[in-house]
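The primary structure of each chain is shown beneath.
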Amino acid sequence: MRRLWIGFVPYIAVSLAHVAALAADATAVAAPTKLALMPLLAVAVVWGSRGSAWTTAQTLLVVALGLSWLGDGAGAFFPWLPTVPAMLLFFGLAHLCYIWLFWRMLAVRRVPPWAAVFAVWWIVLLAVLWPHLGGLTVAVALYGLVLGGTAVAASRCHPLVVWGGVFFLTSDSVLAFRLFLPDAMPDWTSPLVMLTYCLGQGLIAAGVLAGVRARRPLPTPAVTA
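Definitions and limits used
Residues numbered from 1 in each chain as written. Predicted model: local features only at pLDDT ≥ 70, side-chain atom pairs only at ≥ 80, totals over all residues. Heavy atoms only, no water. Helix = DSSP H or I, 4+ residues; strand = E, 2+ residues; numbered from the N terminus. Buried < 20%, exposed > 50% of the residue type's maximum accessible area, 1.4 Å probe, protein only. Contact = heavy atoms within 4.5 Å. Axes fitted to C-alpha atoms, helices over the stretch in contact; angles between N-to-C directions. Parallel < 35°, antiparallel > 145°, perpendicular 65-115°, else oblique. Left-handed = near helix turned anticlockwise from the far one by under 90°. Nonpolar A, V, L, I, M, F, W, Y, C, P; charged D, E, K, R; others polar. 1 Å grid on protein atoms, 1.4 Å probe; cavity = no way out; pocket = protein on both sides within 12 Å on 5 of 7 lines; lining within 4 Å. Points joined across faces, edges and corners; volume = space filled by probe spheres on them. Core = buried A, V, L, I, M, F, W, Y, C linked by side-chain atoms within 4.5 Å. Patch = residues over 30% accessible without salt bridge, like charges linked within 9 Å, V, L, I, M, F, W, Y side chains within 5 Å. Areas by Shrake-Rupley, 256 points an atom, 1.4 Å probe, with all protein chains shown as cover. Salt bridge = Lys/Arg side-chain N within 4 Å of Asp/Glu carboxyl O.

A.B. asks: In this structure, what is going on with the side chain of S155? I would like to understand it.
C.D. replies: Secondary-structure assignment places S155 in the loop between α8 (137-154) and α9 (159-180). Residue classification places S155 among the buried positions, given a relative accessible area of 1%. Those residues in contact with S155, other than ones at most four positions away along the chain, are R109, V111, P112, W114, A115 and V162.

A.B. asks: Help me understand unusual backbone geometry in this model?
C.D. replies: Most peptide bonds take the trans configuration, and most residues that are not glycine carry a negative phi. The backbone of D25 sits at a positive phi, close to 60°, despite the residue not being glycine. Looking at the element boundaries, D25 is found in the loop between α2 (9-23) and α3 (27-48). Relative accessible area serves as the criterion here: at 64%, D25 is assigned to the exposed category.

A.B. asks: Which parts of the structure should I look at to understand the packing of α2 against α3?
C.D. replies: When two helices pack together, their arrangement is given by the angle between the helix axes and by the axis-to-axis distance. Two elements in contact, α2 and α3, have axes separated by 9 Å at closest approach and are oriented at 155°. As summarised for this structure, α2 and α3 are arranged roughly antiparallel, according to the angle between their axes. The hand of the α2/α3 crossing is left-handed. Of α3, the residues touching α2 (which contributes P10, Y11, V14, S15, H18, A21 and L22) are V29, A30, T33, K34, A36, L37, M38, L40 and L41. Taken together, the residues that form the contact of α2 with α3 break down as twelve nonpolar, three polar and one charged.

A.B. asks: What should I look at first to understand the layout of surface pockets in this one?
C.D. replies: One way to see where empty space is left: roll a probe the size of a water molecule over the atoms. Size it by volume and the largest pocket reaches roughly 730 Å³. In this structure, the largest pocket is lined by 33 residues; those nearest its centre are K34, M87, L175, V193 and M194. For the lining of the largest pocket, the secondary structure elements donating two or more residues are α2, α3, α6 (83-106), α7 (117-133), α8, α9 and α10 (189-215). If one sorts the elements of the lining of the largest pocket by residue count, α9 sits on top with eight residues. Among the residues forming the lining of the largest pocket, the class breakdown is 22 nonpolar, six polar and five charged. In this model, the second largest pocket occupies a volume close to 210 Å³. Around the second largest pocket, the lining comprises 13 residues; the ones closest to its centre are Y11, I12, C198, L199 and G202.

A.B. asks: Is there a simple way to think about the nonpolar core in this case?
C.D. replies: Across soluble globular proteins, nonpolar side chains have a tendency to be buried as a group. Ranked by internal contacts, the top residues of the largest apolar core, which has 61 residues, are L61, Y98, L101, F102 and V208. Of all elements in the fold, only α2, α3, α4 (56-72), α6, α7, α8, α9 and α10 reach the threshold of two or more residues within this core. Residue contributions to this core peak at ten residues, all from α10. Not counting residues within four places of it along the chain, the set of residues in contact with L61 comprises V45, Y98, L101, I204, A205 and V208.

A.B. asks: Sorry if this is basic, but what is going on with the environment of G148 here?
C.D. replies: Tracing the backbone through its elements, the reader meets G148 in helix α8. Given a relative accessible area of 9%, G148 falls into the buried group. In this structure, the C-alpha to C-alpha distance between G148 and F168, residues 20 residues apart in sequence, is 9.8 Å. Among residues more than four places away in sequence, those in contact with G148 are F118, W121 and L169.

A.B. asks: Explain a nonpolar patch on the surface here, please?
C.D. replies: Residues L89, L93 and L96 make up a contiguous nonpolar surface patch of about 260 Å² in total accessible area. One can find L96 in helix α6.

Structure, rendered in structure tokens:
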């Protein structure tokens, strides 16, 4: 486990630098550090998987991180596309990977009763934002379903994954209000979006690694005559 956490040090350092840059309105630092986040997290996953067999779960995790990276950099990578729909597309695909990963490969319990709060969250979020969504109403509603689905699926997994899903949902909820109700959101919610996002993605990645390790069978002891 110590080796696992060492791999996360660069990701944690760049996450803190990125959030601090947002708080200080230092765009020259915030832009490149944002694009470095998911690659560094993928490196942490590879590092934490050293010395053991690579599984489909880790592949799905890295694919989800790659899709999240495309969502993070949608404006820079695809300047000819509308930024918000492109973000919704790539992050929506990332969440579908997470749902498959959590539900089919890492689940250790049934969906707990408290997970019903995510259905309430989706209804309330849409009710508040609906008049302001315009042509993105359907896209945001569908994205909210997969985001909530990730949180529900995460509730069945390792505690790190559970908290990762909660922080990810918190990040996108604050971001939604910043995008569609900007006048109601103070400036400090910009670093809050990325702080909760970095926590969510990092905890999910660490939880997946921990979950994969926990599901591996223990080695059979050698039998001596």
